[in-house]
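Descriptive analysis of the structure
Each chain, letter by letter, is given below.
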Amino acid sequence: MMTTASVRQPHAAFDVFGQKIEELRQEGLYREFIPCGHLVDEPGSTSHQGRKVQVWCTNDYLGMSRHPDLIKSQCESTTVHGTGNGGSRNIAGTSTTHVELEDRLAVWHGKERALIFSSGYVANFETLSTLLAAVPDMVVFSDALNHRSLIEGIVRSGCEKVVFPHNDVAALDAALAQYAADRPKLIVFESVYSMDGDRSPLSSILDLAERHNALTYLDETHAIGIMGPTGAGLSEELGDHRADFVQGVFGKALGTVGGYVAGPDAPLDYVRSHAPGFIFTTALPQASMDATLRGLELVQDGNDLRRDLLDNARYLKAALRAEGIDFIDAESHLVPVMVPGSERVRAVSRRLFQEFGIYVQPINFPSVPRGGERFRVTAPPYRTREQMDYFVAALKQCLAQD
Ligand SMILES: *Cc1c(COP(=O)(O)O)cnc(C)c1O
């Protein structure tokens, strides 16, 4: 027999949350989630209340989450190993696939070691907070547009932090010069910034790091699987592997879930033994690791997918330009379409959804500055030109109405 507990009257102390949520609504910043049932048979589609909707803001850049090989790996592995590992990495949760995947990731990035975490967020937060706190007198130089997971990890470590203007090599140079040569330093930055789709001046930053005797931590999240001859990221595309630590995720181009950091052996071995968010949490299921391993093999051999993704970005940008729709012409697969105003971006999104069956999530403050509201559009290899034409025509119509 099933019993249900009755809901208690909320405590008066919780009234403050109601007020805060009301403030969010007033500002047009209240978040609405759209429940999706993604469909393998119709890539890029999702079922929503019995209706099919095209998703135009996916991070599954290569459509890997529906690849038959990954699905097969995950299903077969589940049949053999079950749905969970039943423990943390330390307590029977380290599967043979975790070990193999970590070895392969290390080789892929040309590093001594790699460590897998529950997500990319956890990888950044745990690695930075743990490492930085362990080095006395450490000072961190952090790009102004760094991802929240990097920022929170740095803040948590309690070390001194200098934020340099986004991608500004001269400003970073000047900031580094303010500190004594023997002071331990770490530069934290990304290879591709998600909201503008722009790249960092990777080699210039690595040159600076050498000159100022600084260490480097590079978040390659949006370049993993996408850039470089085997998809190992911007470092690989440029043939510049000098970053000390490289972070990547499985939840985007690899189509599964999880994150990792690759780098020198001793610091990551230290993280393995000290990072609470690595130790005190259940390991990812072996089946998910097996699917990820297959995804890794496919992206390493995935030049056709990468070419098709970039072709689509080019086609989409040309179509947007032809219709006079404002977008950022970035040097990546990401296509940020500018729709300033938190109310307006939401209204356009709603109209696209209701009238055209197109789902693009509005991006608002604090992910972007106020006035920089946008859609962050992606067109994976499975998108057809007809679909892209339909998307642009629908967008044009909705922008004209709101
Ligand atoms: C998405 C993202 C992460 C976090 O990865 P998850 O696996 O989604 O937690 C980290 N860094 C950057 C730059 C990201 O965009």
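Everything below is about the structure printed above this text.
Quick summary incoming for the structure in this document. Positions within a chain are numbered from 1, following the residues in the order the chain's sequence is written. Residues qualify for local features only when their pLDDT is at least 70, as the model is predicted, and side-chain atom pairs are given and counted only at 80 or more; totals for whole chains, interfaces and linings, by contrast, use all residues. Heavy atoms from the whole structure form the basis of all side-chain values; hydrogens and water molecules are not counted.

**Considering the overall build of the protein chain**
Short version of the rule: Helix and strand assignments come from DSSP, with helices taken as H or I runs of at least 4 residues and strands as E runs of at least 2, each series counted from the N terminus. The globule rule is 2.2 Å times the number of residues to the power 0.38, and the radius of gyration it is compared with is taken over C-alpha atoms. Contact between two residues is taken to exist if any of their heavy atoms lie within 4.5 Å; hydrogens are not considered. Computed with the Shrake-Rupley method and a 1.4 Å probe, the accessible areas treat only the protein chains shown as cover for residues. Charged residues are defined narrowly, with Lys and Arg counted positive, Asp and Glu counted negative, and His plus the chain ends left uncounted. Where a charge lies is defined by one atom per residue type: Lys uses NZ, Arg uses CZ, Asp uses CG and Glu uses CD.
A count of helical and extended segments in the protein chain gives 15 helices and 14 strands. Expected size for 402 residues packed as a compact globule is a radius of gyration near 21 Å; at 22 Å, the protein chain falls within 12% of this value. Across its three principal axes, the protein chain shows a C-alpha extent of roughly 60 × 60 × 60 Å. In the protein chain, 71% of the contacts between residues at least 6 apart in sequence involve partners at least 24 apart. Total accessible area on the protein chain stands at roughly 18,800 Å², and carbon and sulfur atoms take up 53% of it. When the 38 positive and 51 negative side-chain charges of the protein chain are each reduced to one mean point, those points stand 4 Å apart.

**Here's the deal with empty space enclosed by the protein**
Put simply, the rule reads: Two kinds of site are reported from a 1 Å grid over the protein atoms alone, namely cavities, where a 1.4 Å probe fits but cannot get out, and pockets, open sets with protein on both sides within 12 Å along at least five of seven lines, and residues are called lining when an atom falls within 4 Å of a point. Grid points are joined across faces, edges and corners, and a volume is the space filled by probe spheres set on the points. When residues are grouped by polarity, Ala, Val, Leu, Ile, Met, Phe, Trp, Tyr, Cys and Pro land in nonpolar, Asp, Glu, Lys and Arg in charged, and all others, Gly among them, in polar.
Evaluation of the coordinates by the stated rule reveals 2 cavities of 30 Å³ or more. For the largest cavity, the calculated volume is near 80 Å³. Forming the walls of the largest cavity are R89, H98, I116, F117, S118, G277, F278, T281, T282, A283 and L284. Put simply, the parts of the chain that give the lining of the largest cavity at least two residues each are β4 (113–117) and α11 (276–279). Partitioning the lining of the largest cavity into residue classes produces 5 nonpolar, 5 polar and 1 charged. Here the second largest cavity is characterised by a volume of approximately 40 Å³. Taken together, W108, H109, K111, E220, A232, S235, H241 and V246 make up the lining of the second largest cavity. Of the residues belonging to the lining of the second largest cavity, the class tally is 3 nonpolar, 3 polar and 2 charged.

**Quick word on the pattern of salt bridges**
Short version of the rule: When a carboxyl oxygen of Asp or Glu is within 4 Å of a side-chain nitrogen of Lys or Arg, the pair counts as a salt bridge. For every residue, the accessible area obtained with a 1.4 Å probe (protein chains only) is divided by the maximum for its type, and the residue is called buried under 20%, exposed over 50%, and partly exposed between those limits.
For the coordinates displayed, the defined rule picks out 27 salt bridges. Note that E210 and R242 form a salt bridge whose closest N and O atoms lie 3.3 Å from each other. Separated by 32 residues along the polypeptide, E210 in helix α8 (residues 202–211) and R242 in the loop between α9 (234–238) and β9 (245–249) bring together distant segments of the chain. In this structure E210 comes out as exposed when scored by relative accessible area, which is 55%. With relative accessibility at 30%, the residue R242 sits in the partly exposed group. Salt-bridge contacts for R314 lead to D311; the nearest nitrogen and oxygen are separated by 2.8 Å. With R314 and D311 both in helix α13 (residues 303–322) and 3 residues apart, this pair spans about one turn of that helix. The class of D311 is partly exposed, set by a relative accessible area of 28%. In the salt-bridge network here, residues are joined through shared partners; they are D69, E100, R104, R294 and E297.

**With respect to a nonpolar patch on the surface**
This is how it is decided: For patches, a residue must show more than 30% relative accessible area and have no salt bridge; joins then use 9 Å for like charges and 5 Å for nonpolar side chains, namely Val, Leu, Ile, Met, Phe, Trp and Tyr.
Together, F14, V16, F17 and I21 give the surface a local cluster of nonpolar side chains, amounting to about 360 Å² of exposed area. Relative to the helices and strands, F14 is located in the segment before α1 (15–26). Taking the relative accessible area as the measure of exposure, F14 reaches 49% and is therefore partly exposed.

**Here we look at α8**
So the rule is basically this: Arc definition: it is the arc formed by the directions from the helix axis to the C-beta atoms.
Restricting attention to buried positions, one finds in α8 the residues L202, I205, L206, L208 and A209. Angularly, the buried residues of α8 cover 155 degrees about the axis, an arc narrow enough to put them on a single face. Summarising the geometry of α8, the exposed residues directed more than 90 degrees from the buried face are E210 and R211. Those residues of α8 that are buried lie in contact with α7 (169–177), β7 (185–190), β8 (215–219) and α9.

**Overview of the sheet that holds strand β3 (residues 51–55)**
Convention followed: Between any two strands, pairing holds if DSSP finds at least two bridges.
Spatially, β1-β2-β3-β12 is the arrangement adopted by the 4 strands of the open sheet, whose pairing is mixed. Each edge of the open sheet is held by one strand with a lone partner, namely β1 (37–38) and β12 (358–359). Judged from the 2 bridges that link them, β3 and β12 form a sheet pairing that is parallel. Paired with V55 across the two strands is Y359, which belongs to β12.

**Considerations on the site of the ligand**
The condition that has to hold: Think of it this way: one heavy atom of a residue within 4 Å of a molecule or strand is enough to make that residue near it. Side-chain atoms alone can form a polar contact between residues adjacent in sequence; in general such a contact is a pair of N or O atoms within 3.5 Å, and within protein one must be able to donate a hydrogen while the other accepts it.
As a matter of local geometry, the ligand sits amid 13 residues, with G120, Y121, D219, H222 and K252 nearest to it. The side chain of D219 places a nitrogen or oxygen atom 2.7 Å from a nitrogen atom of the ligand. Within the contact set of the ligand, an oxygen atom lies 2.9 Å away from a side-chain nitrogen or oxygen of K252. Starting from 380 Å² of accessible surface for the ligand in isolation, the protein chains cover 82%. Sorting elements by how many residues they give to the shell around the ligand places helix α5 (residues 120–134) first, with 3 residues. Residues that form the shell around the ligand fall into these classes: 2 nonpolar, 8 polar and 3 charged.

Read these as geometric descriptors, not functional statements.
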